Every structure is written in structure tokens, then in C-alpha cells.
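# Remarks on the overall topology
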2 protein chains.
Amino acid sequence: MKQAVTYELLHECKQTGARRGIIHTPHGDIQTPVFMPVGTQATVKSLTPEELKHEVGAQIILSNTYHLYLRPGQDIVKEAGGLHKFMNWDRPILTDSGGYQVFSLGDLRTITEEGVEFKSHLDGSKHNFTPESVMKIEEDLGADIIMAFDECCPYPSTYEYTKDSMERTTRWAKRCKDAHKTIEKQSLFGIIQGGFYKDLREKSVKDLVEMDFPGYAIGGISVGEPKEEFLDILRFTAPLLPKEKPRYLMGVGTPDYLIEAAIAGIDMCDCVLPTRIARNGTAMTWNGKVVVRNATYERDWRPLDSECDCYTCRNYTRAYIRHLVKANEILGIKLLTIHNLNFLTKLMERVKIEIENDNLLTFKKEFYEKYGYIN
Amino acid sequence: MKQAVTYELLHECKQTGARRGIIHTPHGDIQTPVFMPVGTQATVKSLTPEELKHEVGAQIILSNTYHLYLRPGQDIVKEAGGLHKFMNWDRPILTDSGGYQVFSLGDLRTITEEGVEFKSHLDGSKHNFTPESVMKIEEDLGADIIMAFDECCPYPSTYEYTKDSMERTTRWAKRCKDAHKTIEKQSLFGIIQGGFYKDLREKSVKDLVEMDFPGYAIGGISVGEPKEEFLDILRFTAPLLPKEKPRYLMGVGTPDYLIEAAIAGIDMCDCVLPTRIARNGTAMTWNGKVVVRNATYERDWRPLDSECDCYTCRNYTRAYIRHLVKANEILGIKLLTIHNLNFLTKLMERVKIEIENDNLLTFKKEFYEKYGYIN
């Protein structure tokens, strides 16, 4: 059976490990490397699908199995004709497996070999996720790319805990693969775990690659560790993955991490960061962060970013956006969300060009020097 | 000196007292009768100016002197080049005088002949409004139509209180007129008060008409009284106003009240109701109210309103909008806001046609019978 999702490698950067490619999906092609905005509850907060397409330029969005399972329930989404129809979005969608959310519940969950028992953060009601039940939920949601059910270890975790967890994640990956039936409509990606231990990462890659998933994610980094450790594991793990499959780094959304991910050979990233900081009144710009809610912007009649031509920057001043943010007006959130997502779209456009020109490492140096994104 | 705002009477309905007209302003013409969406804090909550124009069809919006004075401050709006530039809206704007908001503060304000002392609802800081200071603020904000500083009596109020208040409002109207200097850029409308006492309404009209304002508002009704009392004072007062000036009924936004206002000869209405109930998950439709947050709509795959072709009704189901509302997603508020405001725009379009056809009374009966708006 033909996989719903396939990867086409267009060019490898001669300066770095970066790749220009295309991910083909049932809802259209995705030019990579790509940043995927997060629409946790079947909406990218504050934006219409038209704004996502025309003002942000989003090629694919991510939505959340844990949240949609709890509310409105995957049966309702299925009855609507799937997530695309439910939310009026006709481009590709990726659903995560809920693993990250469930494990973030801390005391509210218990892990067994079978799966995870957890209490809803909404009403405390009891639920179970197993690899099989998560596959069923993700099939009901109907995204183009669905993720295997995994455990994301907290940082730091002991070697022993990480090893047990990684091995269970591998067994769960196999169970997900066995349970997944809609291969021609949805492709199931495996998730590499193994924390900050290289031998565990190597083992995780080896076992999952043997299972022959149509794509691979790297989970369990960008979870609070120092940047050096993040880079160390990223640079070690990404090149181990098969060249002919798409590579997805989970939970990365700052400009410097996105550039590092591309350099390491990653094709897809997602993060709530650009939309979350928008709601707190912060803009990402080509000249660093602008915390527009600060008093210094009260009479600042410039756009958020003088190098940006997005809807927000064409039409609104920092002073007006600051007023909206201070007055808790929804439009402030929306204008910042459009800008931040558009900024990351443009950053990735630039990264694609630099890969094609075999110039990504040079661009990275310029970007860091000029714009001061050194975390 | 030529007034910034003038009224052109096109047609009087032969069935009712209704008028079709045009209000000419420095930012373009307004076809009347018109409903004006409210943008309290220099934004119609959740919408961009483009959505207001293209999805709602708003001809004019209202903004709020009290709120803008407190935040961001009229000096900042003035420095931006006025409210139009500050908020990126190039169609007409009306600012109310802050009278209604200040008097709504209850214990937080003290009235004297000079003006009103009040405490900010935001931080408790002390402020004064006088007719002269309000004129200065409204001139700084730069709306096309500005309102005189008045007192809106609570319902019910005694004859004596209402009489004193109305007479003070009249003296304040004179002081506003004397203080108002930007006649060619902004027109100052007087506000008729007098509560639910016809002789006081008559006196208020007489005194204000003598002052020759370029337009008149009726204030102090639609403040919680039974519909019969509302209609009684509306039908008594509106015809007393000069035919050659625009007539504005403050604080009306339900479909039945809007139709009654038009029938009584009113040209302009405003209300936060359509946007406020949108934020609570309620839609106005041609078949009555739809409280879309209710469980009954969980699997309702129809649009909010089967007779509507607005952006929301073309693209989204009740089930999806209910999900957004229940999940506290901003997009739910926006979709309901677009629909409710578009609904009132279409209702007023229809009212205009029925006036032109001398058929408004017949339409009212059909509307009430078919759609059940009997408050």
C-alpha cells in the first residue's frame, strides 16, 4: 500500500547537513524546512484559516489529540467529516499523539505497560490512552500525519528511567504501527526518544528505523535543558535518521533553534511559542524581541518590525498594539499572532533559499551577529 | 462656517414615520437608517477594520471617550493623528461623551453644576469631566460626530430629579456648544434627556433645538424600562426633532427595537449588545436567538443561520462554533461577532428598502410573526 505521505529530497546544503525538500500529503505539498503553527483545539488561536493562509503563509498546522479527545471528542470531529472539514482548513494537518500532554499532567497520570491512566485537566474525570486507542482517535481526527504514542521524559531523568521509558516507547511504537490501518490516507510517524543519552538515542533510532515508519520525529529535547545539550543531542540524532524520510523536531519555535534544526537536517518543527508570546504582548522581529506591552512603546509610531511587510506591520503602530494589549483587546493578540507566525514563515523561506545556495552556515552567523538571537 | 456633518432626506415612508437619508461626513457618506457597531476601546472587539468593512459592512463605528481618556489617553490618540489613524479605520467615527459611562459608576462619582468628579474603574484614580474638558478630549480624538456631555438618569427616577438633571444637561449642552471649535471637522450633536416624563422631553427638545445643533440624540431610554414605556417616549420624542437633522437613538441594538426606532423616524442607533452576546456564545438569526453554547448544538452541522450568507455562515457549523465557545477560543467570539453585526447590517438594509417601498409597517408585522422577536 502506498503511504499517504512521502518525502522528496531536492537539495542538500554543502555548508551544513540541511535539506531542501517537499513533503507530499493528501492535502497538498509542503516545502521544507517548515515551521508548523499549533492549533491545539482545532484553531490556531485568534486566526481564521484565511489569515493563516494569506497573512501567515502556513503550509501545515498541528493539532492536539489530547485536547480534541477531551473536547469536543473525536467522535464529533469524525462526524463533521474529520478535522479539516470541522475547522475549515484544507491544507495538511499533523496531530500529535497526546503523549506529551498526558506526561505533562504529572501526578494526574499513571504509566503501565498497557498505556497511561490520567485525569482530565478540565474536570478531573478518568481516562486511558493506549497505543491502540490513540491510533483510533487520530484516525477519527483524520490528519495527514499522525504521531505514535510515546513517553516524553522530563529533564533531567536518570539513565535507567530514560532507558526503560525509551524501550517502552519503542514497544508502543510497534503497537501503534500494528493498529494503524489508514495508511493510504494518513501516515504514522515514529518518535525517537532516549533523553540525553547518546547510546539510548542510537538504540531508539535503530529500533524505529527497523519498523520502517514513513517519517520520524525527535522528541524529548527542547524540554528545558541548556542549549549545548540540546544541540549535542540534535546534532547526534538527526543524521542517524534515513535520508529518504521526513524528519520532525518537536517543540522548537525560537529563531535560533529553528536555524540550528535546519542545519542539523531537520525538515519540520512546531511550537506554541510564537502564538503564546503573542498573547503575552511580545513580538519576534528581525532585530530581536519586542515586548510591546512595555511602557517604552507608549508613543512608538513605528511598526513592530521595520523590516517586515506583514498585515500587522503594514497597518499598525507599536503604540496602538500596546494599547490593545494593555486594554486586553483580542485584536492585539491577533495582530501579534499574525506578525510572529509570518516572521517564522519568512525566516524559513530565507533558510530554504540559503540551503539552495549552500550558504546556510554563513547566514546563521550573520543572523546571530546582526539580530542578537544568542540563547 | 459649514458643519462637518450634514443630513440629506431622501424619502419618508408613507406607512410610518421612517426616513431614508444620507449623513454626509468628512470620512464619507452613511446611508440611513444605520446601526453603528461599538468599538469601545478603539477596536470593535475581535475584528479587524477589513472585517468590519467587508464581512460586516459597517458604515460608521462608535468609540468611547471615557475609556479612551483613561486608556491610552487622548493625547496619545491625538499624537497618532486622531482615532482614524490610530486604529486604522478610514470610515466615519462617532464618539460618545462619556456621560453614560461616568453616571454608570454610581458611588464612584459626584455631580456638581461644574461637572462630574469620578474615580477610574481601572485604578480608582480621581478625575473630572466638565462640558469643556469633554469637548477638548473629543476634539483630540477627532471623530466625525462628537456628543455633548450629558447626564443619563437611571430608571426609574423621580420627576424632580429628572427635571433638575435635564435642565443641567441643557446648560451643559450650551457650554459644550460654546467650547466646541472644530465645527468644520467634527459636528457636535445635542442629547435630549427628560426621562419618562413627556413635558420634560418636550422642554429638552425645545431648548436644544433653539441651540441649533447639527444633529440630535435621544438619550435616557432603553435603560431597563418596559418596552411600552420605551415605545411611548420614543414615539413622542422623535417626531419633535427637526426633519433636516440626523436623529440618533442611543443604546438600541435588538432587531425589534431597531425596527421600532426606524418606524419612529430615527436615523442612527448603536449598542454593545450584538458584540457582547457574541462573546457569550449567542447569535441573532432570522429565526430568533441561537444560544450556540447550549448542548443541543453539539452535533448541529447547520450554519448559525440558514438564511445568512455571511463569512461565518458560509464556512462554519454550529457544532464547530459551539466547540470554540466552550473551549474559550477567540475564533468563536470573532465568528459570532461577524455574524451578529452582519445580521444587523442586513436587517437595516432591508429596513431601508421597505422605507423606500413605503412598506415598513407591513415588514414589521411579518418580521415579528415569522421570527418571534416580541420582547
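First, a word on what this report is: a plain description of the structure on this page. Quick caveat, the model's predicted, so the values are computed rather than measured.

Quick notes on the rules
Residues numbered from 1 in each chain as written. Chains lettered and ligands numbered in written order. Predicted model: local features only at pLDDT ≥ 70, side-chain atom pairs only at ≥ 80, totals over all residues. Heavy atoms only, no water. Contact = heavy atoms within 4.5 Å. Buried area = accessible area lost by both parts, 1.4 Å probe. Salt bridge = Lys/Arg side-chain N within 4 Å of Asp/Glu carboxyl O. Polar contact = N/O pair within 3.5 Å; in protein donor to acceptor, adjacent residues only side chain to side chain. Helix = DSSP H or I, 4+ residues; strand = E, 2+ residues; numbered from the N terminus. Nonpolar A, V, L, I, M, F, W, Y, C, P; charged D, E, K, R; others polar. Pairing = 2+ DSSP bridges. Axes fitted to C-alpha atoms, helices over the stretch in contact; angles between N-to-C directions. Phe/Tyr/Trp six-rings, centres within 6.5 Å; stacked < 30°, edge-to-face > 60°. Buried < 20%, exposed > 50% of the residue type's maximum accessible area, 1.4 Å probe, protein only. Least-squares fit on C-alpha atoms with pLDDT ≥ 70 in both.

## Some thoughts on the interface of chain B and chain A
Contacts between chain B and chain A engage 37 residues on the former and 37 residues on the latter. Of the roughly 3,300 Å² buried where chain B meets chain A, counting both sides, 55% is carbon and sulfur surface. Counting across the interface, chain B meets chain A through eight salt bridges. Close ionic contact of Arg299(B) with Glu79(A) constitutes a salt bridge, the shortest N to O distance being 2.5 Å. Run the count over chain B and chain A and you get 22 residue pairs in polar contact (both at pLDDT 80 or more). Ranked by residues supplied to the side of chain B that touches chain A, first place goes to helix α13 (residues 318-326) of chain B with five residues. Class assignment for the residues of the side of chain B that touches chain A results in 19 nonpolar, seven polar and eleven charged.

## A look at the sheet that holds strand β9 (residues 126-129) of chain A
Residues and elements named next belong to chain A. Strand order in this open sheet of three strands is β7-β8-β9, and the pairing throughout is antiparallel. Looking at strand neighbours, the two that pair on one side only are β7 (109-111) and β9, the edges of this open sheet. The average undirected angle you get between the axes of adjacent strands in this sheet is 15 degrees. By the bridge criterion, four bridges tie strand β8 (residues 116-119) to β9 in an arrangement that is antiparallel. Across the sheet, Lys 119 pairs through a bridge with Lys 126, a residue of β9.

## Topic: the packing of aromatic side chains
Within the structure shown, the criterion is met by 36 aromatic pairs over all chains. Centre to centre, the rings of Phe213(B) and Tyr216(B) are 6.0 Å apart; their planes meet at 80 degrees, and the pair counts as edge-to-face. Tyr216(B) carries the same exposure label as Phe213(B), and that label is buried. Through a chain of ring-to-ring contacts, the aromatic side chains of Tyr66(A), Tyr69(A), Phe103(A), Phe118(A), Phe129(A), Phe149(A) and Trp172(A) assemble into a single cluster.

## As for the relation of the copies chain B and chain A
Mapping one chain copy onto the other needs a rotation about an axis and a shift along that axis. Least-squares fitting of chain B to chain A yields an RMSD of 0.0 Å, with the transformation described by 0.0 Å of translation along the axis and a rotation of 180 degrees. The superposition operator between the copies reduces to a two-fold rotation axis. Proximity to the rotation axis, assessed at the C-alpha, singles out Ile330(B) in chain B; its C-alpha lies 3.7 Å from the axis. Of all interface residues in chain B, 100% are interface residues in chain A too; the two copies therefore contact each other through one and the same surface.

## Side note on the sheet that holds strand β1 (residues 6-12) of chain B
Residue and element names in this part refer to chain B. The strand order β1-β2-β3 describes an open sheet built from three strands, whose pairing is antiparallel. Looking at strand neighbours, the two that pair on one side only are β1 and β3 (28-32), the edges of this open sheet. On average, each strand axis in the sheet is tilted by 15 degrees relative to the strand beside it, whichever way the strands run. In terms of strand pairing, strand β2 (residues 19-25) meets β3 through five bridges, oriented antiparallel. Paired with Gly 21 across the strands is Thr 32, a residue of β3. Helix α14 (residues 330-356) rests against β1, β2 and β3 of the sheet, and its axis sits at about 120 degrees to β2.

## A word on the environment of Met1(B)
Topologically, Met1(B) is positioned in the segment before β1. Through-space distance from the C-alpha of Met1(B) to that of Ile183(B) is 7.3 Å; in sequence the pair is 182 residues apart.

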